[in-house]
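Residue-level structural notes
Single-letter residue listing:
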Amino acid sequence: MPLVSPIEMLRAAREGRYAVGAFNAVDYMTIEAVVHEAQARRAPVIVQTSSGVIKRFGVRALAAMARDIAAETTVPVALHLDHGTDAAVIRQAIACGYPSVMIDASKHPFDENVRRTAEIVQAAHAAGVAVEGEVGVVAGVEDDIVIKADKAIYTTPEEAVEFQRRTGVDFLAAAIGTAHGFYKVAPRLDIDTLVALRENTDFPLVIHGGTGLPEDVVRRLVASGGSKFNLSTQIKQTYIDAMDEYIQAHRQEYDILKVLKHAYDRLREMIGGYMALLGSEGKA
Ligand SMILES: [Zn+2]
């Protein structure tokens, strides 16, 4: 299938109380692992790319890779730009065929965040592209965005409603205590706020910082209203650990394709586990 907009799959997830996995790909093989596992599990899926990967490959190449791999599937695959902070890059992604982008202007004061986000929404919607915004601040490290835990700001339902009304975003990152990167201490999650956010809005909510949360916590986040579940650090960890594992065990063998195949298999296992946990398995 051609790449699709994530709006329909996220609305269905919100309605059905499950979440669509949004996996941060870092190269051609990780896109394959995500898409092939989605096909095997009949799961709608979102492949997303963050700024570091975009700096490495460029949006044109990434869009072409995703389009090429998704063309072989029958399940809906969306491509999304994660944490866009540079309007020029976001516009380039739109021009290159990304069906969905995130504008993260959350470091700015509310009105400035609204202004920057609304500007992107206007350009994106004119091209039929979906937009994720962020109000409140998610802590942790996401490529070149670094937010200390004490600088995290939880999203309030009033803000979320006003932000969506003034910007027209299609779905919204909910800052409710999850963080990017690895958790050094257990996060203080505000599940009540997530429930209130869901009750007071009619658009899908996004959980950032999915890596490292215990399974029961993931289930609660999904049951409480998270419809898009982002996983980035876990991809990198599984990839690197799998390569290390293979190389350690086959130190005299110089077959890079075998190393990559091992990482691909491990990535698929991990991704499939999340599709089952999030409830998106069998929904496509
Ligand atoms: Zn994020």
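Above this text is the structure in question.
Residues numbered from 1 in each chain as written. Predicted model: local features only at pLDDT ≥ 70, side-chain atom pairs only at ≥ 80, totals over all residues.

Looking at the pairing of strand β3 (residues 77-84)
For β3, the buried fraction is high: eight of the eight residues fall into the buried class. Here strand β2 (residues 45-49) runs beside β3; their pairing, made up of five bridges, is parallel. By the bridge assignment for β3, Q48 is matched with H80. Between β3 and its parallel partner strand β4 (residues 100-103), the chain crosses via helix α5 (residues 87-95), and the hand of that crossover is right-handed. (Buried ≥ 20, exposed ≤ 12 C-beta atoms within 10 Å, placed from the backbone. Helix = DSSP H or I, 4+ residues; strand = E, 2+ residues; numbered from the N terminus. Pairing = 2+ DSSP bridges. Right-handed = clockwise from strand over helix to strand, strands pointing away.)

Notes on the nonpolar core
In this structure, V34, V45, V47, A66, V101, L172 and A174 are the most contacted members of the largest nonpolar core, which totals 83 residues. Other than its neighbours up to four places away in sequence, V101 contacts H80, L81, G84, I90, A93, I94, A124, V129 and V131. (Core = buried A, V, L, I, M, F, W, Y, C linked by C-beta atoms within 7 Å. Contact = placed C-beta atoms within 7 Å.)

Let's talk about the sheet that holds strand β9 (residues 179-180)
By way of backbone hydrogen bonds, the strands of a sheet pair with one another, either parallel or antiparallel. The strand order β7-β6-β9 describes an open sheet built from three strands, whose pairing is mixed. The open sheet has two free edges, formed respectively by β7 (145-147) and β9, since each of these has just one partner strand. In this structure, strand β6 (residues 139-142) lies alongside β9, joined through two bridges in parallel fashion. Paired with A139 across the two strands is A179, which belongs to β9.

Description of the sheet that holds strand β11 (residues 226-231)
Spatially, β1-β2-β3-β4-β5-β8-β10-β11 is the arrangement adopted by the eight strands of the closed barrel, whose pairing is parallel. Each neighbouring strand pair of the sheet contributes to a mean axis angle of 30°, computed without reference to strand direction. Relative to β11, strand β10 (residues 205-207) is paired through three bridges, and the arrangement is parallel. Among the inter-strand pairings, L205 is bridged to a residue of β11, identified as G226. Packed on one face of the sheet, helix α1 (residues 7-16) meets β1 (20-24), β3, β5 (130-135), β8 (171-174) and β11 and runs near 120° to β11. (Axes fitted to C-alpha atoms, helices over the stretch in contact; angles between N-to-C directions.)

A few points about the pairing of β2
With five of five residues buried, β2 is to be regarded as a mostly interior element. Burial along β2 is two-sided: V45, V47 and T49 facing one way and I46 and Q48 facing the other are all buried. In terms of strand pairing, β1 meets β2 through three bridges, oriented parallel. Counterpart to A22 in the pairing with β2 is I46. Taken together, β1, helix α2 (residues 28-41) and β2 form a β-α-β motif whose crossover is right-handed.

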